[in-house]
Amino acid sequence: GLIGSFDQLDEIDLSSELNNDSIVNVLIRYDVQLFFPPGSEWGYSNLGYDLLAVIIERVSEMSFSDYMRKNIFIPAGMKNTFIPTTNNVIKYLPKDVPSKNILIPHMFENIASCEVKNIESVESIRTANDYFIGSGNVYSTVFDLAKFDLALRKNKILNHDLQELAYTPFLLTTGDTVKDMRAPIPSYYGLGWFISIDKSWGRILWHKGRSFGSRSVFLRNPSKKQTVTVTDNFDYPGCDLKGIAFMKILNNQPYRNPVYMSLVQKFGCNIYTIGIDAALKEFRRLRANEIHNYYTSEDEIVGLSNVLVNDKKSKDALSVLKLGTEIFPESFSVYWSYAILLFDNNEIEMAIQNYEKSVSYYSTDEMEKEN
């Protein structure tokens, strides 16, 4: 039931350099409450993995970086995999790797940007103030990840019984198994691994990861001794779809177009270049005629509205969220954001209507009590 990340930090903490040593004190200082009793529900928590790294350090009396190198990377032969102890990554890079073989992260400045930028030129990322390990910040190569898969198959770094425990769907206190039906491959969740529900093409064990301007996906089919790993120096869901497509090709399965682009990002760019009316028209045309080339995300719809509000374009933001309610007619977050913005613009009656819809799509009694 732990929160996913630290979103409630005050200005003092936001201006400080946070790392894993900060986690326990921050949890105590903010009196962070659980979302639900442990084991009763499931929610992915990056902070949970960061806290796990803290536990490993306390128990092993080693730094997490040293522990991983001694128990995972060296036994598996992963010579080009490392965890920097600070965000000064350059000094940790292997000296014998040509610069052309090192992926440099790129990303859009925001969801309304028209151009992809080198991560170092994105202002909001240059001021990022935290460096947590456990949930991320492991630097590796596709070749080393193949060695990791082989070491697991040969039981070099974890014995067979412990692996099977990790690959077993977690059982909740309700008796249900943990499932993520919205994942690129509908899956159960075990201990650190997604496990495919559809076993017609084998039991696929997998995980994806993303950070500022980079993305990766790692898929394993142990019974067939197959592994697929994809890394990308741009954070977009197409990376995940490529990995899934490659694994399906290996198993003679039909696959989706893996080169999806963000229709919301295209929409945001168009709002700033051709205006909201023309952008809406183009959005509807692309959604009707080229949906095989684009994906649409409710989170990105909300994100685009936030960008527009911050840029004093509330009217355009209202149009974006109204569109979002059409595309995602049962989205709690879209109706919630729409209600807040309507209220801020003194459209009280419509705000209440959207607020009520938002609450109706949020299933927990606790949320309704709070409101």
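Up top you'll find the structure we're talking about.
Think of each chain on its own: its residues are numbered from 1, step by step along the sequence as written. The model is predicted, so local features are restricted to residues of pLDDT at least 70 and side-chain atom pairs to those at 80 or more, both for listing and for counting; the totals for chains, interfaces and linings are taken over all residues. Note: side-chain values were computed over all heavy atoms of the structure, leaving out hydrogens and water.

What to know about the overall build of the chain
In this text, helices come from DSSP runs of H or I with a minimum length of four residues, and strands from runs of E with a minimum of two, each type numbered from the N-terminal end. Secondary structure summary: the chain contains 15 helices and twelve strands in total. Our radius of gyration looks at C-alpha atoms and nothing else; its globule reference is 2.2 Å times the residue count to the power 0.38. Relative to a compact globule of 371 residues, whose C-alpha radius of gyration would be 21 Å, the chain shows 22 Å and is just as compact. Summarising its shape, the C-alpha atoms of the chain cover approximately 60 × 50 × 45 Å along the three principal directions. Burial status follows relative accessibility: with a 1.4 Å probe on protein chains alone, a residue under 20% of its type maximum counts as buried, one over 50% as exposed, and anything between as partly exposed. A burial count over the chain gives 39% of its 371 residues as buried. For the chain, the accessible surface area stands at approximately 21,200 Å², while carbon and sulfur atoms represent 54% of it. The Shrake-Rupley method, run with a 1.4 Å probe, gives the accessible areas here. Residue values count only the displayed protein chains as cover.

Here's the deal with the layout of surface pockets
Cavities and pockets were defined on a 1 Å grid built from protein atoms only: a cavity is a group of points that admits a 1.4 Å probe but offers it no way out, a pocket is an open group of points flanked by protein on both sides within 12 Å along at least five of seven lines, and a lining residue is one with an atom within 4 Å of any such point. Grid points are joined across faces, edges and corners, and a volume is the space filled by probe spheres set on the points. Of the voids in this model, the second largest pocket is the one considered here, and its volume is about 190 Å³. For the second largest pocket, the full set of lining residues is Pro 184, Ile 185, Pro 186, Asp 198, Trp 201, Leu 241, Ile 244, Ala 245, Lys 248, Gln 253, Tyr 255 and Arg 256. For this classification, Asp, Glu, Lys and Arg are treated as charged, while Ala, Val, Leu, Ile, Met, Phe, Trp, Tyr, Cys and Pro are nonpolar and the rest, including Gly, are polar. Each residue belonging to the lining of the second largest pocket can be placed in one class, and the counts come to eight nonpolar, one polar and three charged.

Some remarks on the pairing of strand β9 (residues 214–221)
For β9, the tally of buried residues reaches six of eight residues, placing the bulk of the element in the interior. Judged from the seven bridges that link them, strand β8 (residues 205–211) and β9 form a sheet pairing that is antiparallel. Of the residues in β9, the one forming a bridge with His 207 is Phe 218. The pairing criterion for strands is at least two bridges between them, as found by DSSP. In textbook terms, the turn of a hairpin is the stretch between consecutive antiparallel strands, and for β8 and β9 this stretch comprises two residues, one of which, Gly 213, has a positive phi near 80°. Between β9 and strand β10 (residues 226–232), which pair antiparallel in sequence order, lie four residues; one of them, Lys 225, sits at a positive phi of approximately 55°.

A few points about a nonpolar patch on the surface
For patch building, the residue pool is restricted to those with more than 30% relative accessible area and no salt bridge; the joining distance is 9 Å between like charges and 5 Å between nonpolar side chains (Val, Leu, Ile, Met, Phe, Trp, Tyr). Salt bridge, as applied in this entry: a Lys or Arg side-chain nitrogen positioned within 4 Å of an Asp or Glu carboxyl oxygen. Where nonpolar side chains cluster on the molecular surface, the patch consists of Leu 158, Leu 162, Leu 165, Phe 170 and Leu 191 and spans about 430 Å² of accessible area. Along the polypeptide, Leu 165 turns up in helix α7 (residues 160–166).

A word on the state of the cysteines
By definition, a disulfide links the sulfur atoms of two cysteines through a covalent bond. Any pair of cysteine sulfurs within 2.5 Å is marked as a disulfide. Scanning the entire structure with this criterion turns up one disulfide. Disulfide pairing is shown between Cys 114 and Cys 269; the S-S distance is 2.0 Å. Because the sign of the S-S torsion sets the handedness, a value of about 105° for the bond joining Cys 114 and Cys 269 places this disulfide among the right-handed ones. Taken as a pair, Cys 114 in the loop between β2 (106–108) and β3 (116–118) and Cys 269 in helix α9 (residues 263–274) lie far apart in primary sequence, 155 residues in all.

Observations regarding the packing of aromatic side chains
Only the six-membered ring of Trp is used, alongside the rings of Phe and Tyr, when aromatic pairs are assigned; centres must lie within 6.5 Å, and planes under 30 degrees apart are stacked while those over 60 apart are edge-to-face, with the rest tilted. Taken as a whole and judged by the stated rule, the model has 15 aromatic pairs. Measuring from centroid to centroid gives 5.9 Å for Tyr 167 and Trp 193, while their planes differ by 85°, and the two rings are edge-to-face. You can see Tyr 167 sitting in the loop between α7 and β5 (179–180) and its partner Trp 193 sitting in the loop between β6 (187–189) and β7 (194–196), a full 26 residues away along the chain. For the pair Tyr 167 and Trp 193, a shared accessibility class is recorded, and that class is buried. Three or more aromatic residues link up through ring pairs in this structure, and these residues are Trp 42, Tyr 44, Tyr 49, Tyr 189, Phe 194 and Trp 206.

Brief notes about the side chain of Ser 358
Along the chain, the position of Ser 358 falls in helix α14 (residues 348–360). Given a relative accessible area of 0%, Ser 358 falls into the buried group. Residue contacts are counted whenever heavy atoms from the two residues lie within 4.5 Å of one another. Ignoring sequence-local partners within four residues, the contact set of Ser 358 consists of Phe 332, Tyr 335 and Trp 336.

Remarks on the environment of Cys 269
The class of Cys 269 is buried, set by a relative accessible area of 14%. A sequence separation of 165 residues divides Cys 269 from Ile 104, and the C-alpha atoms of the two residues are 24 Å apart. Look past the residues within four positions of Cys 269 in its chain and what remains in contact with it is Ala 112, Ser 113 and Cys 114.

Considerations on the sheet that holds β6
An order of β5-β6-β7-β8-β9-β10 is seen for the six strands of this open sheet, with the pairing classed as antiparallel. Across the chains shown, the open sheet's two edge strands, defined by having one partner strand only, are β5 and β10. In this sheet, β6 lies alongside β5 in antiparallel orientation, the contact comprising two bridges. In the sheet register, Asp 180 faces β6, and the bridge partner there is Ser 187.

Observations concerning the pattern of salt bridges
Per the counting criterion, the structure on display carries 13 salt bridges. Salt-bridge contacts for Arg 69 lead to Asp 66; the nearest nitrogen and oxygen are separated by 2.3 Å. A residue pair is termed a helical-turn pair when its members lie 3 or 4 positions apart in one helix, as Arg 69 and Asp 66 do in helix α4 (residues 64–76) at three residues. On the basis of relative accessible area, Arg 69 is assigned to the partly exposed category, the value being 39%. One salt bridge in this structure joins Glu 290 and Arg 285, with 3.7 Å as the shortest N-O distance. Residue Glu 290 is classed as partly exposed on the basis of its relative accessible area of 25%. In this structure Arg 285 comes out as partly exposed when scored by relative accessible area, which is 36%.

Re helix α10 (residues 276–289)
In this analysis, the expected span of each helix is defined as 1.5 Å times one less than the number of residues it contains. For α10, built from 14 residues, the straight-helix expectation of 20 Å at 1.5 Å per residue is met to within 8% by its first-to-last C-alpha distance of 20 Å. Contacts from the buried residues of α10 go to α9, β12 (294–295) and α12 (314–327).

A closer look at the packing of helix α2 (residues 20–29) against helix α3 (residues 46–60)
To obtain an axis, a line is fitted to C-alpha atoms, over the contacting stretch when the element is a helix, and the angle between two such axes runs from 0 to 180 degrees between their N-to-C directions. Taken N-terminus to C-terminus, the directions of α2 and α3 make an angle of 110°; their axes are 9 Å apart at the nearest point. In this view, α2 runs roughly perpendicular relative to α3, as classed from their interaxial angle. Contacts between α2 and α3 involve Asn 20, Ile 23, Val 24 and Leu 27 from the first element and Leu 47, Asp 50, Leu 51, Ala 53, Val 54 and Arg 58 from the second. Of the residues in the contact of α2 with α3, the class split is seven nonpolar, one polar and two charged. Roughly parallel means an angle under 35 degrees; roughly antiparallel means over 145; roughly perpendicular covers 65 to 115; every other angle is labelled oblique.

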